[in-house]
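Listed below are the residues making up each chain.
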Amino acid sequence: MLKAKNTLGIVFFPAFDWAISPTHPERQERLLYTQDQLREEGVFDIPGITELKPDLATAADVARTHFCFPDVASVTTHSHMISAGGAMRAARTVLDKEAKKAFALVRPPGHHAMKVVHGARGFCNINIEAVMVEWLREHYGPLRVAIVDTDCHHGDGTQDVYWNDPDTLFISLHQDGRTLYPGTGYPYEMGGPGALGKTVNIPLPPGTSDEGFLFAVREVVLPLLADFKPDLVINSAGQDNHFSDPITDMAFSAQGYARLTELLDADIAVLEGGYAIQGALPYVNLGLVLSMAGLDYSHVREPNFDPEAIRQPAKVTAYIEEVCRDILALTRNPKPPKGETAHGWFSRRKTLYYDTDAITEYQTESVRLCDHCRGVVKYETESTRNPLCLGVEAPIGACEKCVEEAYRIYEAGQIKGEYRHLQLIDRVGKHYASYTG
């Protein structure tokens, strides 16, 4: 009998009770066709492959990761908590050595949800990978984590969450932001002052096929992973780079995705986007499952697959090769981030649009420049939904002075009365507080 070379846990949650609208591309059928395909192929009958039930994330799990205004309950549903819990279950499976690898086939997705959350953007309310990673760090201790985002859209939310974290390497391969939402993800976006070079963006031109994606993985992603030496590699496994996806312009195939998965050799994969519900997702997910399990995926073919029809032009190949050379050189010699430095703090201002909920946010992020740790981070934020709010975080490994500064800022904000909602994340003392003025 066929047996998996790598034991693999698969967490499945289609979120029957959550949809933006009945006909929206991010709906439950994204996973139902995949479930049918996996069962038809007898995947769960293969020794070494196990189907797992998701955990349920708590409000505290989200509040450890995000500043949700006015609170977690106002920006999440039960399905969001199970989706995040599904990712947590996948991670627990690997860390507890129940299986060598795990794949969280869950929705709603999360990689557009930023550190501060006022609502939904890019179909995402909370960042399920980030909630998973911070849950792991809370329960298993400090971990060096690499997150490789292969969704067609730039993982701007994950980038934002880990902008100031030198212990998280975030790499995003995506369709060039000049041609697709969210319009970000350029090579010069490289991380905050204490984490320069730990954010890496690889924007690829429309029409990039298997050849271009796999070149970028071999020439940029794998060398950077080798340099970083992570304890854990996570794949934000978006599948909307597929040639048949209705909302993107790339030319990746199911075979290409399976090969990328083999090269990346991630410990955990978490489903993100992908909206060719019948023509791509069942086959791409099947290829990913077989690849992660160390099984032969050469027979996996989606309908209408014609390698000649999706072959990338020579000029696209040449462009990708040049971009990859430049990105690798830039990452190893990063330029300072854009922003302002004053009185020992580095600040950047952001205007963000929540396209799903039609919210505009105005935010100032400030990080304390500390010689002993990564520094306390402060977020002053207001939106068309919420008045001025304050979020303050003393990160993992914060020195005593930065922890004291976090509490000073939080308590001073309560006294001044200029903020409607205030939230504190103390990762050192594992204390999470909120206050409404």
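Residues numbered from 1 in each chain as written. Predicted model: local features only at pLDDT ≥ 70, side-chain atom pairs only at ≥ 80, totals over all residues. Heavy atoms only, no water.

**With respect to helix 11 (residues 400-416)**
Relative to the 24 Å expected for 17 residues at 1.5 Å per residue, helix 11 spans 24 Å between its end C-alpha atoms, a close match to the ideal helical length. Every buried residue of helix 11 is listed here: C402, V403, E405, A406, I409, Y410 and G413. Burial along helix 11 is one-sided: seen end-on, the buried residues are contained in an arc of 165°. Residues E400, K401 and I415 are exposed on helix 11 and point more than 90 degrees away from its buried face. Residues of helix 11 that are buried sit in contact with strand 12 (345-354), strand 13 (359-368), strand 14 (377-383), strand 15 (389-394), strand 16 (421-426) and strand 17 (431-436). Immediately beyond the C-terminal end of helix 11, within one or two residues, lies G417, with a positive phi of roughly 75°. (Helix = DSSP H or I, 4+ residues; strand = E, 2+ residues; numbered from the N terminus. Expected span 1.5 Å × (residues − 1). Buried < 20%, exposed > 50% of the residue type's maximum accessible area, 1.4 Å probe, protein only. Arc of directions from axis to C-beta. Contact = heavy atoms within 4.5 Å.)

**Here we look at the pairing of strand 8 (residues 199-204)**
Taking burial as the measure, the six residues of strand 8 include six buried ones, the bulk of the element. Along strand 8, one buried face is formed by T199, N201 and P203 and the opposite face, lined by V200, I202 and L204, is buried too. Bridging between strand 7 (residues 168-175) and strand 8 involves six bridges; their strand directions are parallel. Across the sheet, the residue bridging to F170 is T199, located in strand 8. (Pairing = 2+ DSSP bridges.)

**Some remarks on the layout of surface pockets**
Of the pockets and cavities examined, the largest pocket occupies roughly 590 Å³. Taken together, 24 residues make up the lining of the largest pocket; nearest its centre are Q159, W163, T184, E189 and R348. It is strand 12 that contributes the most residues to the lining of the largest pocket, five residues altogether. Residue classes in the lining of the largest pocket are distributed as 10 nonpolar, five polar and nine charged. (1 Å grid on protein atoms, 1.4 Å probe; cavity = no way out; pocket = protein on both sides within 12 Å on 5 of 7 lines; lining within 4 Å. Points joined across faces, edges and corners; volume = space filled by probe spheres on them. Nonpolar A, V, L, I, M, F, W, Y, C, P; charged D, E, K, R; others polar.)

**Looking at the pattern of salt bridges**
Side chains carrying opposite charge are able to pair once their charged atoms draw close together. Applying the stated rule across the entire model yields 26 salt bridges. When the shortest N-O distance is used, the salt bridge between D61 and R64 registers 3.1 Å. K101 is the salt-bridge partner of D265, the closest N and O atoms lying 2.7 Å from each other. One end of the pair, D265, is in the loop between helix 8 (254-264) and strand 10 (268-271); the other, K101, is in strand 4 (residues 101-106), and 164 residues separate them in sequence. The exposure class assigned to D265 is partly exposed, which follows from its relative accessible area of 47%. (Salt bridge = Lys/Arg side-chain N within 4 Å of Asp/Glu carboxyl O.)

Function-wise, these values are silent; they only describe arrangement.
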